[in-house]
Amino acid sequence: VLPIPGRMPWRRPVMRVETLALILSLWFTATCNALFWDAALGDRSFSEPGTVAYAIALGVALTALHFVLLTVLSLLMPRRAIRAVLAILSVITAAATYFMQSYHVYLDPEMIRNVLATDPREAGELLSWAMVLPIATRLLPPLALIYGVELRRQPALPALGVRIACVAGALLVGAGALMTSFQDFSSFMRGKKEARYLITPANVLY
């Protein structure tokens, strides 16, 4: 196909794997963790001093956690497989979020074992047309991003160094954010330890 004279052929924007992981992490934090946000902030009022700061600290920590997991995941696979794995993870995350919110369940190891042991008949009973829109709204934006950009090619050694540095930086940022509201966070985790299984897709990867 010849390009139209006077027009530049469209090319996908080029993006680093770390940038893609960060954007996906922000998306997951904002759209796939309603149950966690409800558990963490449901009994607090935003008129109380410190609630907004606590919410921001949790948001930063959740995003840093997911960024670390996605970046480490990208280190463990060939470059050409990264896009497909992130897409599959996005599908699983969107579906897990829907079922967790619909049935108010925790996605802990026991629940994962139950899912893997489910036969086709039982699985079919959980499927309905009502799930299409909630899953699509959480799934289509990340898929459009994953397949709408070109991942930047880099020599293996420099790419490894950059990702390790990004992971270290994210860990520091996440830990620093939690330290700003440490008393609130520690009290929350002592009272609701099971809430860690509401953090999606960290619970899936765990």
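Structural data are supplied above this passage.
Described in the following lines is the structure provided in the data block. (Residues numbered from 1 in each chain as written. Predicted model: local features only at pLDDT ≥ 70, side-chain atom pairs only at ≥ 80, totals over all residues. Heavy atoms only, no water.)

With that out of the way, let us pick up the overall build of the chain. Tallying secondary structure elements over the chain gives ten helices and two strands in all. Secondary structure elements in the chain, listed N-terminal to C-terminal, are β-α-α-α-α-α-α-α-β-α-α-α. Seen along its three principal axes, the alpha-carbon backbone of the chain occupies a region of about 65 × 45 × 35 Å. Among the 206 residues that make up the chain, the fraction classed as buried is 35%. (Helix = DSSP H or I, 4+ residues; strand = E, 2+ residues; numbered from the N terminus. Buried < 20%, exposed > 50% of the residue type's maximum accessible area, 1.4 Å probe, protein only.)

The residue T63 is located in helix α3 (residues 51–75) in this model. A polar contact is formed between the side chain of T63 and the side chain of T29, at a distance of 3.1 Å. If near-sequence neighbours (up to four positions away) are discounted, T63 is found in contact with L22, S25, L26 and T29. (Polar contact = N/O pair within 3.5 Å; in protein donor to acceptor, adjacent residues only side chain to side chain. Contact = heavy atoms within 4.5 Å.)

To continue, consider unusual backbone geometry. Of note, the amide linkage connecting T200 to P201 takes the cis form, showing an omega dihedral of 10°. Considering the arrangement of structural elements, one finds P201 in the loop between α9 (182–191) and α10 (202–205).

What follows covers a nonpolar patch on the surface. Among the surface-exposed residues, V72, L75, L76, L157, L160 and I164 lie close enough to one another that they form a single nonpolar patch of about 560 Å² accessible area. Among the elements of the structure, α3 and α8 (156–180) are those that each provide at least two residues to the nonpolar patch. Counting residues per element, the nonpolar patch draws most heavily on α8, at three residues. Along the chain, L75 turns up in helix α3. (Patch = residues over 30% accessible without salt bridge, like charges linked within 9 Å, V, L, I, M, F, W, Y side chains within 5 Å. Areas by Shrake-Rupley, 256 points an atom, 1.4 Å probe, with all protein chains shown as cover. Salt bridge = Lys/Arg side-chain N within 4 Å of Asp/Glu carboxyl O.)

Moving on, we come to the side chain of T97. Relative to the helices and strands, T97 is located in helix α4 (residues 79–103). Residue T97 is classed as buried on the basis of its relative accessible area, which comes to 1%. At 2.8 Å, the side chain of T97 forms a polar contact with the backbone oxygen of T93. Excluding residues within four positions of it along the chain, T97 makes contact with T31, C32, R138 and T200.

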